[in-house]
Amino acid sequence: MIFPKAYSALKEDEIYAAWEASGFFQPKAGPPKTFCISMPPPNATGALHIGHAMGLTLQDLMTRYNRMKGKASLWLPGTDHASIATQNKVEKIIFEKDGKTRHDFTRAAFLAYVESFVKESQGTIRRQMRKMGASCDWSRERYTLDEGLTRAVQEVFVRMYRDGLIYRGDRIVNWCPRCASTLADDEVEYKPTKGKFYYFRYGPVVIGTARPETKFLDKTIIVHPKDKRYAKLVGKTFAVPWIDGKVEARVIADSTVDMEVGSGAMTLTPAHSFIDFYLAQKYHLPIIQIIDEKGNLTDAAGEFAGMNAHKAREKIVAKMLVKGLVERIDENYEHNLSVCYRCGTPIEPLVSRQWFIDVNHELRITNYELRKVVGKSRASLKEMGIAVVKKGAIKIIPDRFNKTYFHWMENLRDWCISRQIWFGHRIPVWYCIGDNKCLLACKNPIVSIDTPLACPHCGSKNLKQDPDTLDTWFSSGLWTFSTLGWPEKTRDLKQFHPTSVMETSYDILFFWVARMILMSTYALGQVPFRTVYLHGLVRDKLGRKMSKSLGNGIDPLDMIKKFGADAVRLSLVIGTAPGNDIRLYEEKIAGYRNFVNKVWNIARFVLSRSKKQEARIKNIKMKNFTLADHWILWELGELVKRVNKNLEKFRFSAAGEDIYEFMWHKFADIYIEETKREKREHQQEILEYVLERCLIMLHPFVPFVTEEIWKIMNYELGITNYELLIVQPWVEKLDITVSKARALEFIKAREMKKQPTLSETEKKELKSYIASLEARLKNKQFLAKAPPQVVEKERGRLKEANTKLTIAQNL
RNA sequence: GGGCAUGUAGCUCAGCUUGGUUAGAGCGCUUGAUUCACAUUCAAGAGGUCCCUGGUUCGAGCCCAGGCAUGCCCACCA
């Protein structure tokens with residue numbers, strides 16, 4: 001077999017094909033122990049970026065490790081339809097190509113176009129995942145919009161509606177006028193903006209606002225109950241000259257008001273501010289819309305009706321100036337403007353009739369395990385979500401994100417789930433617009449999985465489905481179990497849920513991880529996963545976020561082409577800590593490419609000396625071992641212990657670094673060099689023994705090169721019916737023990753050989769070191785309080801230093 | 001305003017869980033080595049007030065308190 005001088009990553013596709021053909025990506029049938037990761041589904045619209053590559057690497061590492069440990073291991077891949085993101089993207093393409101908008105198409109025609117686009121992208125994504133070496137089970141691949149998952153979505157919706165968790169209501173929502181849709185609270189971003197801040201005379205008080213155009217119908221003044229300045233006003237009503245004539249204004253005291261802000265008094269704009277909306281509900285005040293879904297002023301704005309709200313602002317202020325209502329204007333007001341996270345358009349909070357999930361509604365918990373965790377038989381979604389993490393049913397790595405998670409959960413408001421876009425899961429709700437024989441009952445929506453044929457109340461066949469679709473996170477919230485076949489009681493579901501690990505980026509902790517916890521505890525009474533491992537963001541060498549506009553992005557495929565997938569994988573694992581961002585650049589990847597080549601050449605050296613047609617040595621016995629033999633095997637044993645411990649604790653970086661250090665700087669630089677000097681009987685056995693164990697431990701990190709070496713190794717040893725490395729049993733511990741004392745002797749002998757002579761300054765340094773050790777060993781408090789092992793160690797060090805000095809002085 | 005993280009060699013980062021070696025690695029830099037598995041290599045070397053101040057301790061890069069710097073998250077258009 002040809003063993004080229006340098007490892008060529010060109011082999012990778014071939015190796016991947018062999019794995020795929022072997023069927024080992026599918027979980028084994030036998031073992032009772034299982035391991036499962038649901039792959040976070042990338043948006044079906046795009047190419048994978050380096051952040052995905054990092055996730056794939058870590059997930060693949062865990063899957064391969066557990067597979068080699070003999071567990072039935074499933075890594076389930078898939079893609080997400082990503083409703084708003086995809087629709088926006090396709091709309092943009094259509095517009096750029098033909099100058100058309102989606103409204104130039106029928107809904108069905110538009111959706112067909114989107115689907116064809118998605119199909120194409122999915123193909124690209126699959127190819128990229130294969131390039132990374134992802135050992136996921138392609139036979140179980142899912143898509144959030146496929147038939148089974150759609151069924152799961154409908155099932156959960158209907159159940160939640162029947163349980164009183166889903167309701168339709170007129171509530172204040174985040175509205176994006178450009179997307180013409182609602183957004184969830186966490187889909188809103190904040191952008192620092194400079195603007196004008198207006199102070200208006202409003203009867204007895206002065207109020208401040210950045211949005212005069214919403215203030216037409218303000219009729220309530222709110223002050224803090226302890227605010228002495230306004231105490232006399234509370235409870236009274238005033239006739240206040242306002243934009244369109246006089247209004248009757250009432251003064252209310254409520255402690256949500258911050259006395260320090262502005263004038264300490266504010267007026268309520270119930271329909272266009274979240275706080276005001278809740279206060280209006282609390283005091284049963286009328287809620288009237290001033291701005292409509294297009295961002296235009298309603299009839300409530302009188303002469304300004306129909307104008308774009310933002311554009312009308314200055315005209316309204318001009319009118320108020322004339323009427324003498326303007327106290328002053330702060331021109332340099334800095335505040336955070338809320339914008340749509342998809343398109344950057346300023347958000348318009350407004351009241352709208354939408355579907356919501358009630359996160360505070362109490363439910364009976366039927367699952368015994370969950371009831372034990374929650375500690376009571378009834379709880380709200382919010383309480384369940386908090387309890388499962390607090391009680392350790394779910395462990396988040398790194399644990400500092402617990403705090404963030406709790407804070408978010410505790411402040412969670414009802415989740416608006418309806419979106420006014422076309423691409424997504426249609427809301428399984430129909431309205432009777434028929435004969436109105438029984439007007440009252442027909443007002444109840446028909447919530448059903450199957451399309452109803454007739455109104456259950458009046459029998460009319462004139463039904464209309466709700467035009468809206470569901471928030472994309474509704475379906476991805478079901479991902480861990482919908483992909484396993486739920487609501488059917490499948491074997492996969494029983495075997496693999498709860499899944500073992502959720503590995504994802506910390507920036508979607510709220511969007512997705514929290515939603516999965518809510519949905520899974522509700523629908524299954526089970527947590528979706530036992531462990532959440534959060535990785536950081538990949539940044540450029542200067543610590544900047546990678547972006548198209550900066551042009552500082554690193555395309556994983558380019559890097560794979562240049563350095564090989566193994567090198568790319570290592571660069572994303574070693575030197576990274578969970579939850580911390582990492583900096584990535586070509587030199588780093590090149591460094592790991594060098595290591596991959598080193599591994600290749602170690603194998604080349606070891607195997608070039610191998611005797612053909614000889615069975616591979618699985619066990620070796622201690623026979624006339626040299627100090628070096630003792631040493632390398634002892635070091636290997638220590639390495640195995642550390643690697644296992646680190647992998648169990650999700651410290652992938654430490655494990656990888658250890659193997660790197662051992663193979664390059666101990667095995668290659670020292671032991672292999674030693675064998676060149678002196679050829680002995682059992683050397684070859686030891687070389688092969690160490691190499692084999694290293695290949696196994698290294699495989700989850702660098703699957704391609706290790707598998708290729710494995711193939712050549714078996715060929716060289718004349719073994720034809722071997723199993724692929726991907727399913728070799730993991731190295732739990734060494735089946736040989738050597739003398740630690742001999743190993744340490746080897747290290748000492750090397751050190752003595754290395755530094756026989758010392759310069760004058762080095763001698764001086766050594767002397768002062770000896771002096772400091774002696775002083776410490778004479779210190780009574782040290783001797784009294786330090787643990788005996790530490791004292792012993794210090795004595796040893798002193799002895800060693802003295803010997804060294806003596807040798808140096810005698811030379 | 002609330003919270004979190006980070007600060008160690010020129011650069012990128014380990015080490016902090018459990019305080020105890022003369023503080024480590026990779027890249028870069030300096031010097032040397034080429035028929036020997038690998039120049040995608042090897043050997044040797046230079047390079048550090050472990051952000052600052054104080055405290056606890058026989059002993060602090062590590063623990064505690066305060067501060068400085070940087071980055072991120074949440075809240076907020078009164």
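Small disclaimer: the values here were computed from a predicted structure and weren't measured.

## Description of helix 18 (residues 586–608)
Then step 1. An ideal rise of 1.5 Å per residue puts 33 Å on 23 residues; helix 18 measures up with 32 Å between its terminal C-alpha atoms.
Then step 2. Among the residues of helix 18, Ile-589, Ala-590, Tyr-592, Phe-595, Val-596, Val-599, Trp-600, Ile-602, Ala-603, Val-606 and Leu-607 are the ones counted as buried.
Then step 3. Elements in contact with the buried residues of helix 18: helix 16 (556–563), helix 17 (565–573), helix 20 (652–677), helix 21 (683–698) and helix 22 (703–716).

## Some details on the environment of Ala-47
Then step 1. For Ala-47, the location among the structural elements is in the loop between strand 1 (34–38) and helix 2 (50–68).
Then step 2. Here the alpha-carbon distance between Ala-47 and Ser-121, two residues 74 residues apart in the chain, equals 7.1 Å.
Then step 3. Filtering out sequence-adjacent residues up to four positions away, Ala-47 remains in contact with His-52 and Gln-128.

## Details of the environment of Tyr-167
Then step 1. By the secondary structure assignment, Tyr-167 is in strand 5 (residues 166–176).
Then step 2. As a C-alpha pair, Tyr-167 and Ile-357 span 190 residues in sequence and 6.5 Å in three-dimensional space.
Then step 3. Dropping the residues within four chain positions of it, Tyr-167 is found in contact with Gln-354, Trp-355, Phe-356, Ile-357, Asp-358 and Asp-414.
Then step 4. At 3.3 Å, the side chain of Tyr-167 and the side chain of Arg-171 are in polar contact.

## Observations regarding the sheet that holds strand 7 (residues 188–202)
Sheet strands pair by backbone hydrogen bonding; their relative direction is either parallel or antiparallel.
Then step 1. With antiparallel pairing, 3 strands are arranged side by side in an open sheet as 8-7-13. Single-partner strands in this sheet number two, and they are strand 8 (205–209) and strand 13 (326–340). Geometrically, the sheet is characterised by an average inter-axis angle of 25° between neighbouring strands, direction not taken into account.
Then step 2. Across 5 bridges, the pairing between strand 7 and strand 8 is antiparallel. Within the sheet, the bridge partner assigned to Tyr-202 lies in strand 8 and is Val-205.
Then step 3. Sheet contacts for helix 7 (residues 309–322): strand 7 and strand 13; angle to strand 7, the most-contacted strand, approximately 15°.

## With respect to the packing of aromatic side chains
Then step 1. This model, assessed by the stated rule, comprises 35 aromatic pairs.
Then step 2. Judged by centre distance (6.2 Å) and plane angle (20°), the ring pair of Phe-595 and Trp-664 falls under stacked. Placement of Phe-595 in helix 18 and of Trp-664 in helix 20 is noted, with a sequence separation of 69 residues between them.
Then step 3. Judged by its relative accessible area of 2%, Phe-595 falls in the buried class.
Then step 4. Residue placement shows Arg-515 over the ring face of Trp-415; its charged tip is 4.2 Å from the ring centre.

## Notes on the pattern of salt bridges
Then step 1. All told, the structure shown has 46 salt bridges when counted by the stated rule.
Then step 2. Residue Glu-794 pairs with Arg-776 through a salt bridge whose shortest N-O separation is 2.3 Å. Of this pair, Glu-794 sits in helix 26 (residues 788–810) while Arg-776 is found in helix 24 (residues 760–778), placing the two residues 18 residues apart along the sequence.
Then step 3. Of the residues examined, Glu-794 reaches a relative accessible area of 4% and is grouped as buried.
Then step 4. Its relative accessible area of 39% is what places Arg-776 among the partly exposed residues.
Then step 5. Its salt-bridge partner being Glu-794, residue Arg-797 comes within 2.2 Å of it at the nearest N-O pair. Of this pair, Arg-797 and Glu-794 both sit in helix 26, separated by 3 residues, roughly a single helical turn.
Then step 6. On the basis of relative accessible area, Arg-797 is assigned to the partly exposed category, the value being 34%.

Rules used in this analysis
Residues numbered from 1 in each chain as written. Chains lettered and ligands numbered in written order. Predicted model: local features only at pLDDT ≥ 70, side-chain atom pairs only at ≥ 80, totals over all residues. Heavy atoms only, no water. Helix = DSSP H or I, 4+ residues; strand = E, 2+ residues; numbered from the N terminus. Expected span 1.5 Å × (residues − 1). Buried < 20%, exposed > 50% of the residue type's maximum accessible area, 1.4 Å probe, protein only. Contact = heavy atoms within 4.5 Å. Polar contact = N/O pair within 3.5 Å; in protein donor to acceptor, adjacent residues only side chain to side chain. Pairing = 2+ DSSP bridges. Axes fitted to C-alpha atoms, helices over the stretch in contact; angles between N-to-C directions. Phe/Tyr/Trp six-rings, centres within 6.5 Å; stacked < 30°, edge-to-face > 60°. Lys NZ or Arg CZ within 6 Å of the ring centre and 35° of its normal. Salt bridge = Lys/Arg side-chain N within 4 Å of Asp/Glu carboxyl O.

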